[in-house]
Amino acid sequence: MSVISCKALSKKYDDVLALNGVDLNVEKGEFFGLLGPNGAGKTTLLKILTGQIGATEGTAEVLGLDVEKDRLGVKRKIGIVPEQESPPSFLTPREVLEMVVAIRETENPEIEWWLEFFEMKPLEGRVCRNLSRGQRQKVMLAAAFISQTELLFLDEPFINLDPIVQTKVRDWLVDFVKEGGTVFLNTHMLENAQRLCDRAAIIHEGKIQSLISLEKLNQQKMNLEELFREIVL
Amino acid sequence: MNKLIIHKMLLEEIRLNTSFASGKGFYAFPILVVLAGLLAVLFSDEIINDMGYSAFLESCHISILFYGVFTGFLAFFGNDFLERIFGYLGLIIGLPSTQPISQRRMTMLYFIKEIIFYSIFTLVPALIGALIGAYSIGLDLINVTKFGLSLFLSFTTGLSFAYLTSSLYRISLPFAISGGLLLILTYGFLFRNFQITPGLDWYLNGYIEMLFIAMIVPILISIIATIFVHENYEPKVMQKIGYKDRLAEYTKKFEWAKWMSVPVIVSKERIDLQRSQTGTKMFFSFAFPLGILTFMNWFIDKGLPIQIDFNTIFYGVMIGFFGTMLYSWLNTIDSPNFYSTLPVTVSEVIRARLVLFLTITWWIPLLFMALIAYMSSEMNLLPIGIVVMIAVGIYIVNYTAWTTGLRTNSALFDAIIFIKFFFVSVPPMIAMTILSLAINHKPSVILIALATICGFLSLMSIFFYNKIETRWKTEAFD
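Predicted, not measured: the structure shown is a model, and the values here were computed from it.

Engineer: Please clarify how the overall build of chain B should be interpreted in this entry.
Structural biologist: A tally of regular secondary structure across chain B gives 20 helices and 0 strands. A buried classification covers 50% of the 478 residues belonging to chain B. The long-range fraction of contacts in chain B, counting pairs at least 24 apart against all pairs at least 6 apart in sequence, stands at 79%. Only carbon and sulfur atoms are counted for the fraction: they give 71% of the accessible area of chain B, which is about 23400 Å².

Given below as structure tokens:
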């Protein structure tokens, strides 16, 4: 069953064609990676699929909802970690999580658990503006994970995280997928994608250039980095 | 290399402006200025008849001097606000932090860029408009050009004031205040026996040495400013620890506002307002235009042969209008980008900020109203003044919210939005100002007229408020 599907999706910013006729399907329970060099269109695609911006052409459906027609409905059903770590500047991490669960009307939110998970207890009483980039990224991840949604869109989620937290997040995501959740991961950290993804697409100059299952890639005795270089260079 | 940097800075300034206003709107602005220059000359005879020749010229120079100060402050402090609204913003002026070029040199080049940019986009178009007007009514074109040059020199003087103050501010706030005061006193002392600016003195009296002084003053001030530029400036970072969690408490308090917005969003915005200490900034930003208004009041009293007393109702109109500033401040506190990850619409955030405008920041205009009524011994007019202030304030703020959303400052740079704003705000203000001045002649008639306009503005406020949803519901936070 597809949880994400898009057809002929294009996005034009003035003179720049950021996405050019993208067709894509992601199945429920998949760990899907979207890889590509800088400026390839990864973030644009993620923003369209999550209802943050509109497409110029084409259609997109997420969890059975037409993204263009029901942006709020889509956002209610998904968790998003955007490219930039931008939690509200003047709220404490706890307040950010309180706000998120209030807006999403999350039942039994595990605020304490997530503060503990991301080692944010020592940050109590500090506003996000004064946190380091890595700490702010933890707040963003916690805000997405606490939403208890079945689909997560993550744009470079491991950037600025220390190796210990990276491992914790990776492990949690693997468990999340095992339990039936779906992850759409945007990254150019190929090592993480290689480790985590079931399937990956490589996007370059706004077009999907390759779509492959990691299992098949392994059978071909290739890794993502080699494939990436072959396509992009 | 200097030429190259200035060229790149000019390109950056244009691209920055066109990125937050539409390209058409931005490039239409000089046309608006040409028209303003044209009208100023066409109506100059009437104004001079009313004010007197020298008072008219003086007011032109004072205005352009303040314009220089204002644009200078906007240039040297505006980037902080832009970063708050748009998130990270890298500008060429920040290059010294990573490249082997001194901050002094870069700031000096930035100052020169400001002069060129504002000259091209405002002063030159104004002069072109003035020359067209002068040609059509038979004024001496050389004389108008000469006056334009004198205005340019006053503009650069104002800009250099801002440059120096901002350089001193980066050392410390007390340094900036004392340095600024010293500069004003020195300037006042040196030119006590001359016109308000050396440029005007040269224009009126024709002494070539005054032209020389008019050119030297901004150069000298900017050299001093450059010397004071701090090479290793580190912006002050607020590192307070120990904030209490207030979100749940405020959410409960704003439960009543759920017919307007989501209480937890109002609560978040309320906390932003408190912790960013924007209330203090709002207060002082009110004091500045009111100070200018009081100065104008004094100036018109001095310049016009008839006595005009601007009363508390008039100030009610003005203070209500300044409500736009309060709403605009609410939009500069924090970037709204985080909301894009949540099931929240832009219109809900706009309405949350309107709730704050109505409930939390109301004390600022009220305080000023009470103060003005007390100082003018017009406490009897205070209730009417407050009603007028509320009606004008709600009207103008709802219109601003509807048309500019969460990006008020940048949207008003768009000439098309600005012109619409002008036509929506100015006519009711003129009508109410005229009525306020006539209050002592036929009080009952004037009160009925004022009540009618207030009623009309209230109805329009509801109309604008309802429009917010359709205009902004599907807009992106980006």
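Engineer: In this structure, what is going on with the side chain of B:Thr312? I would like to understand it.
Structural biologist: Residues and elements named next belong to chain B. If you trace the backbone, Thr-312 turns up in helix H13 (residues 312–321). In this structure Thr-312 comes out as buried when scored by relative accessible area, which is 0%. A distance of 2.5 Å separates a polar atom in the side chain of Thr-312 from a polar atom in the side chain of Glu-378. The residues contacting Thr-312, other than those within four sequence positions of it, are Met-369, Ala-373, Glu-378, Leu-381, Leu-382 and Gly-385.

Engineer: Is there a simple way to explain the nonpolar core in this structure?
Structural biologist: Nonpolar side chains tend to gather and get buried jointly when the protein is soluble and globular. Judged by nonpolar contacts, the single largest core of 124 residues is most densely connected at A:Met99, A:Trp114, A:Phe118, A:Phe145, A:Val169, A:Leu173 and B:Met432. In terms of residue count, the dominant contributor to this core is helix H17 (residues 382–404) of chain B (10 residues). When sequence neighbours within four positions are dropped, the list of residues in contact with A:Val169 reads A:Phe117, A:Phe118, A:Leu141, A:Phe145, A:Phe158 and A:Leu161. Among the nonpolar cores identified, the runner-up in size contains 47 residues, and B:Leu57, B:Tyr118, B:Phe161 and B:Leu183 belong to it.

Engineer: In this structure, what is going on with the sheet that holds strand S9 (residues 199–204) of chain A? I would like to understand it.
Structural biologist: Backbone hydrogen bonds hold the strands of a sheet together, and the pairing may be parallel or antiparallel. Residues and elements named next belong to chain A. Taking strand neighbours across the sheet as the criterion, the 6 strands line up as S6-S7-S8-S3-S9-S10 in an open arrangement whose pairing is mixed. At either end of the open sheet lies a strand with only one pairing partner, and these are strand S6 (78–81) and strand S10 (207–213). Geometrically, the sheet is characterised by an average inter-axis angle of 15° between neighbouring strands, direction not taken into account. As paired elements, strand S3 (residues 31–35) and S9 share 4 bridges and run parallel to each other. The residue bridging Leu-34 from the neighbouring strand is Ala-201, located in S9. Sitting on the sheet, helix H5 (residues 133–145) touches S6 and strand S7 (151–155), and the angle it makes with S6 is about 170°. Strands in contact with helix H6 (residues 163–178) are S3, S7 and strand S8 (182–187); relative to S7, the strand with the most contacts, it is inclined by about 150°.

Engineer: Please explain a nonpolar patch on the surface as it appears in this structure.
Structural biologist: Residue and element names in this part refer to chain B. A surface patch of nonpolar side chains, about 590 Å² in accessible area, is lined by Ile-171, Phe-175, Phe-212, Ile-216, Leu-220, Ile-224 and Phe-228. With 5 residues, helix H9 (residues 208–228) is the largest single contributor of residues to the nonpolar patch. Tracing the backbone through its elements, the reader meets Ile-171 in the loop between helix H6 (141–169) and helix H7 (173–190).

Engineer: Explain the sheet that holds strand S5 (residues 65–66) of chain A here, please?
Structural biologist: Residue and element names in this part refer to chain A. Here 4 strands make up an open sheet; going across it, the order is S2-S1-S4-S5 and the pairing antiparallel. The strands lining the two open edges of the sheet, one partner per strand, are strand S2 (16–27) and S5. Bridging between strand S1 (residues 2–13) and S2 involves 8 bridges; their strand directions are antiparallel. From the neighbouring strand, Ser-5 faces S2, where its bridge partner is Asn-25. With respect to the sheet, helix H1 (residues 42–49) is in contact with S1, S2 and strand S4 (57–62), its orientation differing from that of S1 by roughly 120°.

Conventions used here
- Residues numbered from 1 in each chain as written.
- Chains lettered and ligands numbered in written order.
- Predicted model: local features only at pLDDT ≥ 70, side-chain atom pairs only at ≥ 80, totals over all residues.
- Heavy atoms only, no water.
- Helix = DSSP H or I, 4+ residues; strand = E, 2+ residues; numbered from the N terminus.
- Buried < 20%, exposed > 50% of the residue type's maximum accessible area, 1.4 Å probe, protein only.
- Contact = heavy atoms within 4.5 Å.
- Areas by Shrake-Rupley, 256 points an atom, 1.4 Å probe, with all protein chains shown as cover.
- Polar contact = N/O pair within 3.5 Å; in protein donor to acceptor, adjacent residues only side chain to side chain.
- Core = buried A, V, L, I, M, F, W, Y, C linked by side-chain atoms within 4.5 Å.
- Pairing = 2+ DSSP bridges.
- Axes fitted to C-alpha atoms, helices over the stretch in contact; angles between N-to-C directions.
- Patch = residues over 30% accessible without salt bridge, like charges linked within 9 Å, V, L, I, M, F, W, Y side chains within 5 Å.
- Salt bridge = Lys/Arg side-chain N within 4 Å of Asp/Glu carboxyl O.

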